[in-house]
Amino acid sequence: MKYTQLGRTGLKVSRLVLGTMNFGPQTDEPTSHAIMDAALDAGVNFIDTANVYGWGENKGRTEEIIGSWFAQGGGRRDKTVLATKVYGSMEREADRWPNHDRLSALNIRRAVDASLKRLQTDYIDVYQFHHIDRRTPFDEIWQAIDVLIQQGKILYAGSSNFPGYKIAQANEAAARRGMVGLVSEQCLYNLAERRAEMEVVPAAQEYGLGVIAWSPLHGGLLGGVLKKEAEGRRRTEGRSADALAVTSVRAQVQAYEDLLDKHGLEPGETALAWLLTRPGVTGPIVGPRTAEQLDGALRAVELELSDEVLAALDEIFPGPGPSPEAFAW
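Read on for an overview of the structure. Think of each chain on its own: its residues are numbered from 1, step by step along the sequence as written. In view of the model being predicted, local features appear only for residues whose pLDDT reaches at least 70, and side-chain atom pairs are presented and counted only at 80 or more, with totals across whole chains, interfaces and linings using the full set of residues. No hydrogens and no water enter the side-chain calculation; it runs on all heavy atoms of the structure.

Our next topic: the overall build of the protein. Secondary structure summary: the protein contains 13 helices and 10 strands in total. Only C-alpha atoms enter the radius of gyration, while the globule expectation follows 2.2 Å times N to the 0.38, with N the number of residues. In terms of overall size, the protein behaves like a compact globule, its C-alpha atoms giving a radius of gyration of 20 Å where 329 residues would be expected to give roughly 20 Å. Considered along the principal axes of its C-alpha atoms, the protein spans approximately 55 × 55 × 40 Å. Per-residue and other accessible areas were derived by the Shrake-Rupley procedure at a 1.4 Å probe size, with only the shown protein chains allowed to occlude residues. Total accessible area on the protein is roughly 15100 Å²; 49% of this is exposed by carbon and sulfur atoms. Only four residue types enter the charge count, namely Lys and Arg as positive and Asp and Glu as negative; His and the chain termini do not. By convention, the point assigned to a charge is CZ for Arg, NZ for Lys, CD for Glu and CG for Asp. Averaged over its 36 positive side-chain charges, the protein has a centre that lies 4 Å from the centre of its 44 negative ones. Secondary structure follows DSSP: runs of H or I at least 4 residues long count as helices, runs of E at least 2 residues long count as strands, and numbering of each begins at the N terminus.

So this is what it looks like as C-alpha cells:
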C-alpha cells in the first residue's frame, strides 16, 4: 500500500479509502468485518463512514458494525484513521424534531456523542460535514468543532459535497479564529464526472485540503458495464442504466472499454488508477460489497497508466479545462 499526507496535515493515510456505505444494507456484519480485516491487512488504514449510513429505519447501523469490529481488539482502532459525517437527521420521518439535523452547535454536539457510542471509540480522526448548511454561520460551526477538539472527541474537520466558495468561506472563518479549518473535501469525482476540476479541486489545493473522491466508478458505469451486460453477468440498472440510455454516453463508455481491452487493462482498476494520478487527490473511496471486489481495488494502487492511455482517456472523457481559463478569458 502507498500512503500520502491528508492535505496539509501531518496525518498519513492510504491512497485507497475504504467506504462502508454497503455495510448493513447490502453486506452483513461478518462479511463487513472480514472486508475490514482484509483491508487492514493490505495496509488500508483510512475508513470512511457516516452517521446516516444504514439508511431508512436502520440509520446508524453501519457505524455499529464498525464499532463491533473495533471492539474485537487486535489494534484495529489504533491502526485506523476513522472518518465519519454529520448533517442528516437520524430520526424517522414521523419522529422528526427541530434541531436534530444540519450543523447547528446543538446538533453537532448531539451527533458526535451518538456516533462515538455506536463506533465504540472515544475519538474520531476526521469529522466531516456531509453537506453545506445555509442556515448556520461558520463561526457557530467552528465554535462547536473547537469544543470537540478541546474535549478530545475529534482531531480534524473535513467537508463533503462543498462547492469551492464554501471551502473558501469555511477556511477563512476558521483562520479568523486561529483554527486549522477543513483538511479534506469528499466530492463526486471520476472520469465521467469531472466538474470538480472547475472549482472544488482548485479551492481544495489552494487551502491545503486533501480531495477524497466518492463514486470513483460512477455507479458502475466505469467498471466494464457494457462487457458485463453483453456477457449476461450483470443487468444494468439505476444510474448506469439511465446514463447508458443517452446515446453519446453509451458511445463514450464503449470507447473506454475498447481502449482498455486493447491495452489489457481492467476498467474498474483503471478508473481508480486514473484518480490516483490527479493533482490534489488523496485517494478514491472504494465501497466493496465482497472481499473479491476489494482485491480488484487494491490492484489499482500498483497500476501505472502510460502517457498514451492517459491521453486517450482525456480524449474520451475530456475535463472542463483549467480554472478559470476554461470559462473565462
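Quick look at helix 13 (residues 307–316) now. Regarding helix 13, the residues found buried are V309, A312, L313 and I316. Taken end-on, helix 13 shows its buried residues confined to a sector of 105 degrees, consistent with a single buried face. Within helix 13, the exposed residues directed more than 90 degrees away from the buried face are D307 and E315. For helix 13, the secondary structure elements touched by its buried residues are helix 10 (247–262) and helix 11 (267–276). Burial classification: accessible surface area is computed with a 1.4 Å probe over protein chains only, and a residue below 20% of its type maximum counts as buried, one above 50% as exposed, and the rest as partly exposed. Directions from the helix axis toward the C-beta atoms define the arc. The criterion used for residue contact is that any of the two residues' heavy atoms lie within 4.5 Å.

Residue pairs spaced three or four apart in an α-helix point in one direction, given the helix's 3.6 residues per turn. What helix 12 (residues 291–302) keeps buried is the set L294, G296, A297, L298, A300 and V301. Of the surrounding elements, those touching the buried residues of helix 12 are strand 3 (17–19), helix 1 (29–41), helix 11 and strand 10 (281–286).

Axis definition: a line fit to C-alpha positions, over the contact stretch in the case of helices; interaxial angles, taken between N-to-C directions, run 0 to 180 degrees. At a closest axis distance of 9 Å, the pairing of helix 5 (residues 138–151) and helix 6 (residues 164–176) adopts a crossing angle of 60 degrees. In terms of axis orientation, helix 5 runs oblique to helix 6. Relative to helix 6, helix 5 is oriented so that their crossing is right-handed. Contact residues: helix 5 offers F138, D139 and W142, while helix 6 offers K166, Q169, A170, N171, A173, A174 and R176. Angle categories are assigned with fixed cut-offs, so that under 35 degrees is roughly parallel, over 145 is roughly antiparallel, 65 to 115 is roughly perpendicular, and the rest are oblique. The hand of a helix crossing depends on one turn: near helix anticlockwise from the far one by less than a right angle means left-handed, and clockwise means right-handed.

Attention shifts here to the nonpolar core. Put simply, a nonpolar core is a bunch of buried Ala, Val, Leu, Ile, Met, Phe, Trp, Tyr and Cys residues held in one set by side-chain atoms that sit within 4.5 Å of each other. Among the nonpolar cores identified, the biggest contains 75 residues, and Y127, F129, W142, I145, Y189 and Y256 are the most heavily contacted of them. Not counting residues within four places of it along the chain, the set of residues in contact with Y189 comprises R194, A196, E197, V201, A213, W214, S215, P216, W274, L275, R278 and V281.

With that settled, the discussion passes to the sheet that holds strand 6 (residues 124–129). Paired strands, as defined in this entry, are two strands with at least two bridges between them according to DSSP. One closed barrel holds the 8 strands; their spatial order is 3-4-5-6-7-8-9-10, and the pairing between them is parallel. On average, adjacent strands in this sheet sit at an angle of 25 degrees to one another, irrespective of strand direction. Sheet topology note: the strand 3/strand 10 ladder contains 2 bridges and is parallel. Residue pairing for strand 10: L18 is matched across the bridge by V286. Where helix 5 meets the sheet, its contacts fall on strand 6, strand 7 (154–160) and strand 8 (182–188), and the angle it forms with strand 7 comes to roughly 150 degrees.

Let us now look at the layout of surface pockets. Volume-wise, the largest pocket comes out at about 1600 Å³. Buriedness for pockets is judged along seven lines, at least five of which must meet protein on both sides within 12 Å for an open set on the 1 Å grid over protein atoms alone, while cavities are sets there where a 1.4 Å probe fits but cannot get out, and lining residues have an atom within 4 Å of a point. For the largest pocket, the lining is made up of 50 residues, of which L217, G219, G220, G287 and R289 are closest to its centre. For the lining of the largest pocket, the elements supplying multiple residues, two or more each, are helix 8 (225–230), helix 10, helix 11, strand 10 and helix 12. Classification used: nonpolar for Ala, Val, Leu, Ile, Met, Phe, Trp, Tyr, Cys and Pro, charged for Asp, Glu, Lys and Arg, polar for all others including Gly. In terms of residue class, the lining of the largest pocket is built from 16 nonpolar, 19 polar and 15 charged. Grid points are joined across faces, edges and corners, and a volume is the space filled by probe spheres set on the points. Computed from the structure, the second largest pocket encloses a volume of approximately 230 Å³. Along the walls of the second largest pocket sit 13 residues, with C187, L188, R195, A196 and V200 positioned nearest its centre. The element best represented in the lining of the second largest pocket is strand 8, accounting for 3 residues. Of the residues that constitute the lining of the second largest pocket, the class distribution is 7 nonpolar, 2 polar and 4 charged.

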